[in-house]
Amino acid sequence: MNEIELNTSGNRETYQSSDGQLSIRIPIKISRRSGRKLLKRPDGEIIGRPWDQKPTILQSALARGHRWVRMFESGEVSSLKEIAKREGIDSSYVSRMINLTTLAPEIVEAILDDEVPDHVTLFDLAVDPAVIWKEQIANTFP
């Protein structure tokens, strides 16, 4: 793995040049993870969201549903059955995952932030979701 490291340690330092320009030096470590840069403080704490985290089941299902909708809308496939055939899965599974694309923005945000209550399952969200977003939210966050 290629790793880029800034060899600074200690507290931040501030410098002012003769022309009045202010420079601040902050000790950080930059590592590459799967081609992306990951920032770490000298104590090893990660700054920002780590990209090498595995997505949750709900996050993967949501992404899969959106990918399949894009495939259908772009004309790449002509039916949900064609998606199922390509993926080697049942067409009912495809339709349930596509249902996730109709979720309220608050629920999508909770899925992406991994803040969905423990009692809510993928089945609860994907099978026959309410059409009105307020009802979806009431069912998900009682």
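Moving on, we get to the overall build of the chain. Within the chain, the regular secondary structure consists of 6 helices and 5 strands. Each of the 142 residues in the chain was classed as buried or not, and the buried ones make up 24%. By sequence separation, contacts in the chain at least 24 residues apart represent 45% of the contacts at least 6 residues apart. Roughly 10,200 Å² of accessible area belongs to the chain as shown, and the carbon and sulfur atoms make up 50% of that amount.

By the element assignment, Pro142 lies in the segment after α6 (133-140). On the basis of relative accessible area, Pro142 is assigned to the exposed category, the value being 81%. Pro142 sits 25 residues away from Pro117 along the chain, and the two C-alpha atoms are 9.7 Å apart.

Here the focus is the pattern of salt bridges. Counted by the stated rule, this structure contains 3 salt bridges. Residue Arg67 is joined to Glu87 by a salt bridge in which the shortest nitrogen-to-oxygen separation is 3.4 Å. Of this pair, Arg67 sits in helix α1 (residues 57-74) while Glu87 sits in helix α2 (residues 80-87), and the two are 20 residues apart along the sequence. Under the relative-accessibility criterion, Arg67 is labelled partly exposed at 33%. The class for Glu87 is partly exposed, based on a relative accessible area of 35%. Across the salt bridge formed by Glu82 and Arg86, the nearest N and O atoms sit 3.9 Å from each other.

Attention shifts here to the confidence of the model for the chain. The predicted model of the chain has a mean per-residue pLDDT of 83, with 80% of residues at 70 or higher. Note that residues 1-7 has pLDDT below 50 and, in this model, 13 contacts with residues that lie over four places away or in other chains.

Let us look at the packing of aromatic side chains. Tallied over the full model, the rule gives 1 aromatic pair. Their ring planes at 75 degrees and their centres at 6.2 Å tell us that Trp68 and Tyr93 sit as a pair that is edge-to-face. Of the two residues, Trp68 sits in helix α1 while Tyr93 sits in helix α3 (residues 91-99), which places them 25 residues apart along the sequence.

What counts and how
Residues numbered from 1 in each chain as written. Predicted model: local features only at pLDDT ≥ 70, side-chain atom pairs only at ≥ 80, totals over all residues. Heavy atoms only, no water. Helix = DSSP H or I, 4+ residues; strand = E, 2+ residues; numbered from the N terminus. Buried < 20%, exposed > 50% of the residue type's maximum accessible area, 1.4 Å probe, protein only. Contact = heavy atoms within 4.5 Å. Areas by Shrake-Rupley, 256 points an atom, 1.4 Å probe, with all protein chains shown as cover. Salt bridge = Lys/Arg side-chain N within 4 Å of Asp/Glu carboxyl O. pLDDT = per-residue confidence, 0-100. Phe/Tyr/Trp six-rings, centres within 6.5 Å; stacked < 30°, edge-to-face > 60°.

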